[in-house]
Amino acid sequence: MKNSDLISRSLRSVWHPCTQMKHHETLPLIPFSRGSGIWLYDFEENRYLDAISSWWVNLFGHCNRKINSAISDQLGKLEHAILAGCTHEPVVALSERLSMLSGLDHAFYASDGASAVEIALKMSFHFWKNRGMPQKKKFVSIENGYHGETLGALSVTDVAIFKDNYSPLVMEGIKAKTPDWRHAEEGESPHEFALRASLGLEKILEENHENIAALIIEPLIQGAAGMGMHDPVYLSRARQLCDRYGVHLIADEIAVGFGRTGTFFAFEQASIVPDFLCLSKGITGGYLPLSAVLSRSAIYDAFYEDSIARAFLHSHSYTGNALACRAALAVLDIFEDEDVIERNREKSAIMSKKAEILATHPKVRHFRNSGMIWAFEVIDPSTDFPRRFHLDALNHGLLLRPIGNTVYFMPPYVIEEEEMDLLVNGTSACL
Ligand SMILES: *Cc1c(COP(=O)(O)O)cnc(C)c1O
């Protein structure tokens, strides 16, 4: 197989995601033949450092020995079985462990992040309906937030490029100001700015709570907004306000769960527990599509009755897929066996030190870090900055995809010091 052969076959037959296909007349498609650790290889053995964890999903590198072996073992036992009316060991074990980790008792499964968001929205609405409050049907979401691109998820997403074309199709909701500290006034701290943003949220809930089912939020980091970070105080205020006004809090930790922000779940940093927790992406270490919605017993209990209409009649064909659940269990084993959260703390500090040359670069603004994510804006007036930077980075052996003028690193946790050097020095050269 040659690089060029696969590229032309792909362009003829595959409709690539999040892409204007015509741009590939000039923009190269990168063909991968294999992956190992944080590296992806093409057919000519050129290698690319996967600095974005293959769209934020990979945690422990490509072709990880432990995850591979768990999936192989599961392949010889049970690949998949219907989860309605039936059950199996991997899905039970995973549910128990996620419950231990999150403090939420019941796990409902789907395959992608957007489906998890759909489930949380439907469950919240249906909860209130079962409790005799069908008028609670609106959702509050945060300015510049991202929750996926199916129609329900798109309703609570606020990224124009993904949403505008479909605006006639999506539900109308209520948007609260973002606590992302890049929008703070000169001299205002992230903490002060988050508190100020929470006043806007308070007003919304105070005035509309009778019609609001839930508030959905990306805890600590608005990923698709360009890694916009906020102070945890916003989350604790949101939790208090949701309690005061009888509104559910949905934490979308699809991108930030599984240790990304330095704690296992981001919401831990605000010492809160959400009513619903959406998980996906890192859940299988980037191996297989799996998502989960965890909820409190109080939610589950509102569906637990004789009437079938009061049950949550939602399903996906691959719900609770056994191979995906085994991959997720292997991921949780690695977290325990290798003390990942603590090791990441050390790695994060080392990387931040190395990245000082970027933080102090004259073209760089708003350099920021949370756990295993680093981001900054590049002062560059040209409209094709993201494309040019992406191409330059490829020439330095780095797979990076800026969001607008935001360059970010979200590497697999297995990144070693030499690889950090390659990443920082390569990025510095691109700048
Ligand atoms: C990626 C993402 C989603 C959507 O997940 P998909 O698997 O792409 O559908 C939802 N919310 C957040 C915060 C995400 O980062």
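The shown structure was predicted, so the numbers you read here are calculated from the model rather than taken from an experiment.

S.K.: How should I be thinking about the packing of helix α12 (residues 340-354) against helix α15 (residues 417-430) in this particular structure?
M.R.: For any two helices packed against each other, one specifies the inter-axial angle together with the distance between the axes. Axis separation between α12 and α15 bottoms out at 10 Å; the angle between their running directions is 35°. Handedness of the α12/α15 crossing: right-handed. Taking contact as the criterion, the partners of K347, I350, M351 and K354 in α12 are, on α15, E417, M420, D421, L423 and V424. Here the residues of the contact of α12 with α15 sort into 5 nonpolar, no polar and 4 charged.

S.K.: How do you make sense of the site of the ligand when you look at a structure like this?
M.R.: All residues in the neighbourhood of the ligand are listed as W56, D112, G113, A114, Y146, H147, G148, E218, D252, I254, A255 and K281. Contact distances for the ligand include 2.6 Å between a nitrogen atom and a side-chain N or O atom of D252. Within the complex, the protein chains bury 84% of what would otherwise be the 380 Å² of accessible surface of the ligand. The residue inventory of the shell around the ligand, partitioned by class, reads 5 nonpolar, 3 polar and 4 charged.

S.K.: What's the story with the environment of L27 in this structure? I'm lost.
M.R.: Positionally, L27 belongs in the loop between α1 (3-13) and β1 (34-36). Look at L27 and you get buried, because its relative accessible area is 17%.

S.K.: Is there a simple way to think about unusual backbone geometry in this case?
M.R.: Most peptide bonds take the trans form, and the phi angle of most residues other than glycine is negative. The backbone of E45 sits at a positive phi, close to 65°, despite the residue not being glycine. Position of E45 relative to the elements: it lies in the loop between β2 (39-41) and β3 (47-50). Residue D339 is not a glycine yet carries a positive backbone phi of 45°.

S.K.: Help me out: how do you make sense of the environment of R239 in this one?
M.R.: By secondary structure assignment, the location of R239 is in helix α9 (residues 233-245). Judged by relative accessible area, R239 falls into the buried class, the value being 7%. Taking C-alpha positions, R239 is 9.3 Å from A270, a pair spaced 31 residues apart along the chain. Every residue in contact with R239, bar those within four places of it in the chain, is listed here: V247, L249, I272, V273, P274, D275 and R296.

S.K.: Looking at this model, I keep getting lost on the sheet that holds β2. Mind explaining?
M.R.: Pairing between the strands of a sheet is mediated by backbone hydrogen bonds and can be parallel or antiparallel. A sheet is described by the order of its strands in space; here 4 strands give the open sequence β1-β2-β3-β15, paired in mixed fashion. In the strand order of this sheet, the two ends are held by β1 and β15 (398-399), each with one partner. By the bridge criterion, 2 bridges tie β3 to β15 in an arrangement that is parallel. Of the residues in β15, the one forming a bridge with D50 is L399.

S.K.: Explain the packing of aromatic side chains here, please?
M.R.: One pair of aromatic rings is described through two measures. These are the centre distance and the angle between the planes. Enumeration over the complete set of coordinates arrives at 18 aromatic pairs. Ring geometry for F127 versus W128: centroids 4.9 Å apart, planes at 90°, classification edge-to-face. Per residue, the accessibility class of F127 equals that of W128, and both read buried. Note on F367 and F376: the rings are 5.9 Å apart at their centroids and 15° apart in plane angle, and the pair reads as stacked. Residue F367 is classed as partly exposed on the basis of its relative accessible area of 23%.

The rules behind these values
- Residues numbered from 1 in each chain as written.
- Predicted model: local features only at pLDDT ≥ 70, side-chain atom pairs only at ≥ 80, totals over all residues.
- Heavy atoms only, no water.
- Axes fitted to C-alpha atoms, helices over the stretch in contact; angles between N-to-C directions.
- Helix = DSSP H or I, 4+ residues; strand = E, 2+ residues; numbered from the N terminus.
- Left-handed = near helix turned anticlockwise from the far one by under 90°.
- Contact = heavy atoms within 4.5 Å.
- Nonpolar A, V, L, I, M, F, W, Y, C, P; charged D, E, K, R; others polar.
- Near = heavy atom within 4 Å.
- Polar contact = N/O pair within 3.5 Å; in protein donor to acceptor, adjacent residues only side chain to side chain.
- Areas by Shrake-Rupley, 256 points an atom, 1.4 Å probe, with all protein chains shown as cover.
- Buried < 20%, exposed > 50% of the residue type's maximum accessible area, 1.4 Å probe, protein only.
- Pairing = 2+ DSSP bridges.
- Phe/Tyr/Trp six-rings, centres within 6.5 Å; stacked < 30°, edge-to-face > 60°.

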